[in-house]
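Structural characterization, general
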Amino acid sequence: MSSTLPAARLPRLRRPDFLASATVFRTEVLAGLVVALALIPEAISFSIIVGVDPAVGLFASFTMAVVISVVGGRKAMISAATGAIALVVAPLFREYGIGYLVGAVILGGVFQVVLGALGVARLMRFVPRSVMVGFVNALAILIFLAQVPELRDVPLAVYPLVVGGLVLMVLFPRVTKIVPAPLVTIVVLTTITVAAAIAVPTVGDRGELPSALPVPGLPDMPYTLDALGVIAPYALALALVGLMESLMTAKLVDDITDTRSNKTRESIGQGVANIVTGFFGGMGGCAMIGQTMINVKASGARTRLSTFLAGAFLMVLCIVFGPVVSDIPMAALVAVMILVSVATFDWHSVRPRTLRKLPVSETVVMAVTVAVVVATHNLAIGVVVGVLTAMVAFARRVAHLAEVSGVVDPDGKQAVYAVTGELFFASSNDLVTQFDYANDPDDVVIDLSDAHIWDASSVAALDAIETKYAQRGKKVTIVGRNEPSAALHDKLAGQLTGGH
């Protein structure tokens, strides 16, 4: 009797851990290099907005990125000098000088540490999805609009360079993803413009790059209460704007990478980074959404190493390779940012099919957020207005869910009103008008078994109902309150309207 031996199962080959680590390392290094190249013209531009020397913005980007890579709570997120912070501190610099600006950056960092320790990051749970989508779409639009000035009044050669860069970034990943397409685009376009001596705007046209590392020191300003009163409002504005943009960006990266971040650590880390930046003479900063998208989406970075290297490479490129970096055509960086804006925009959110399914209020909130951000060029203001709009829309929707149904006993001796829904300031305003005070019998029961009392406005409305019945010699009994509603009602009843 013959038997057939089963074929030996070959062991599955696993990719060696060191090879996987090498792949991650290569991705992080190249991503950091791409971000550093993109940071240079941005930092110089923000320095121009404030009116300071380009080195102030570049130093801020260097220290923010390096410090936040260690103390931050969101891996792979890029923090550096930003336009939002530049707009906050620009008036202070114009009126009082660099010393006061640096002092405001340090104090703003202290405020951020305190706010982070107090748990300000927990407020992110109150940002609805429609505001988040509006934030992302507005961000994409702002990134694109920021490139428009680079395409005005420029040599004709700029346009084919931008188009060529876009085509290269779309097609190159189909050949290989070992090297990030944005880096290849920057290298190729720079080589073409230098080799062919094509006269186009370059990074060097934005300003002189620093030739030495920053040196720590104290801000050159009087240490008096009057000076503190000058910088405090700017410092608080810097802290709030910086935290809002950073936390929104962290949440966006969470969604993209399907990972969670420590928002409290990120809040405190932003403060520490700004304090360090201030002592090194920088203009302050926060999370950079555009560069973060380059790092995470375009380059595939996922660790702190890319953030650290973005800052480190920034200084190396400026100090060691300054002449080479100065020759990079702005067209290459414009092409990178345009592709980032297209990739960042949530195209699904504006499809007709999606809009038809969404509640009108959700679409309105998203549109308002986008409109305010684009109009003000301030993501923080847009988010605040979007959240407020969402709150109003939610209150209007929930207010209609509170209903009152009344039944009178057959013998006519008692009227029972069943109240259902959420009772708060919006829904309780109409509550008083839904009772028949004149025709009801002397005994009235209000059943709150299917309702919840949320605020003093609802308690005041119930007081007003009892008062109107009492004026007609009728008694009201409230039953069915759940424990939290009973506690709030017992505490405030008769204290708000003066009816008892």
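Residues numbered from 1 in each chain as written. Predicted model: local features only at pLDDT ≥ 70, side-chain atom pairs only at ≥ 80, totals over all residues. Heavy atoms only, no water.

Looking only at helices and strands, one finds 19 helices and 6 strands in the protein. For a compact globule of 500 residues, the expected C-alpha radius of gyration is about 23 Å, and the protein comes in at 30 Å, more than 25% above that figure. Taking the principal axes of its C-alpha atoms as reference, the protein extends roughly 100 × 100 × 45 Å. Looking at the protein as a whole, 50% of its 500 residues qualify as buried. Once local pairs closer than 6 in sequence are excluded, the contacts in the protein between residues at least 24 apart make up 84%. Of the roughly 24,000 Å² of accessible surface on the protein, a fraction of 65% belongs to carbon and sulfur atoms. In the protein, the 35 positive side-chain charges and the 35 negative ones have mean positions that sit 12 Å from each other. (Helix = DSSP H or I, 4+ residues; strand = E, 2+ residues; numbered from the N terminus. Rg over C-alpha atoms; globule rule 2.2 N^0.38 Å. Buried < 20%, exposed > 50% of the residue type's maximum accessible area, 1.4 Å probe, protein only. Contact = heavy atoms within 4.5 Å. Areas by Shrake-Rupley, 256 points an atom, 1.4 Å probe, with all protein chains shown as cover. Lys, Arg positive; Asp, Glu negative; His and termini not counted. Charge placed at Lys NZ, Arg CZ, Asp CG, Glu CD.)

Quick look at the pattern of salt bridges now. A side chain with one charge may pair with a side chain of the opposite charge, provided their charged atoms come close. In the structure shown here, the tally under the stated rule is 3 salt bridges. We note a salt bridge from Asp 254 to Arg 74, for which the minimum N-O separation is 2.6 Å. With Asp 254 in helix H8 (residues 225–257) and Arg 74 in the loop between helix H2 (54–71) and strand E1 (79–80), this pair connects stretches of sequence that are 180 residues apart. Classification of Asp 254 as buried rests on a relative accessible area of 10%. With a shortest N-O distance of 2.8 Å, Asp 490 and Arg 481 are connected by a salt bridge. (Salt bridge = Lys/Arg side-chain N within 4 Å of Asp/Glu carboxyl O.)

Time to look at the side chain of Ser 261. Structurally, the position occupied by Ser 261 is in the loop between H8 and helix H9 (263–279). Reaching out from Ser 261, the side chain makes a polar contact with the side chain of Asp 254 at a distance of 3.0 Å. Within polar-contact distance, the side chain of Ser 261 engages the side chain of Lys 263 at 3.0 Å. (Polar contact = N/O pair within 3.5 Å; in protein donor to acceptor, adjacent residues only side chain to side chain.)

What follows is about the pairing of strand E5 (residues 443–453). Pairing of strand E4 (residues 414–423) with E5, which is carried by 9 bridges, proceeds in the parallel orientation. Bridge pairing links Gln 414 to Asp 443 in E5. By the bridge criterion, 5 bridges tie E5 to strand E6 (residues 475–479) in an arrangement that is parallel. In the strand pairing of E6, Val 445 is matched with Thr 477. Where the polypeptide runs from E5 across helix H18 (residues 456–470) and back to E6, its parallel neighbour, the crossover connection is right-handed. (Pairing = 2+ DSSP bridges. Right-handed = clockwise from strand over helix to strand, strands pointing away.)

Right, let's get into the state of the cysteines. What we call a disulfide is simply a covalent bond connecting the sulfur atoms of a pair of cysteines. Evaluated as defined, the whole model comprises 0 disulfides. Take Cys 286: it sits in no disulfide, and the sulfur closest to it among the cysteines is that of Cys 318, at 20 Å. Taking the relative accessible area as the measure of exposure, Cys 286 reaches 0% and is therefore buried. On the basis of relative accessible area, Cys 318 is assigned to the buried category, the value being 4%. (Disulfide = S-S within 2.5 Å.)

End to end, H8 covers 46 Å across 33 residues, agreeing with the expected 48 Å (1.5 Å per residue, within 8%). Along H8, the helix axis deviates most sharply at Ile 231, where the bend reaches about 35 degrees; the proline Pro 233 sits within four residues downstream. One or two residues past the end of H8 sits Asp 258, with phi positive at roughly 55 degrees. (Expected span 1.5 Å × (residues − 1). Bend = angle between axes of the 7 residues up to and from the residue.)

Spatial ordering of the open sheet is given by E3-E4-E5-E6, a layout of 4 strands whose pairing is mixed. Unpaired on one side and paired on the other, strand E3 (403–408) and E6 mark the two borders of the sheet. Sheet twist, expressed as the mean angle between neighbouring strand axes with direction ignored, is 20 degrees. Packing of H18 onto the sheet brings it into contact with E4, E5 and E6, and relative to E5 it is tilted by some 175 degrees. (Axes fitted to C-alpha atoms, helices over the stretch in contact; angles between N-to-C directions.)

So, on to helix H15 (residues 360–376). Helix length check: H15, at 17 residues, gives a terminal C-alpha distance of 24 Å against a target of 24 Å (1.5 Å per residue), a fit within 8%. Among all positions in H15, only Ser 361, Val 365, Met 366, Thr 369, Val 370, Val 372 and Val 373 are buried. Residues of H15 that are buried sit in contact with helix H5 (129–147), helix H14 (352–357) and helix H16 (379–399). Backbone geometry just downstream of H15 places His 377 in the positive-phi region, at approximately 55 degrees.

Honestly, it's all geometry; don't read function into it.
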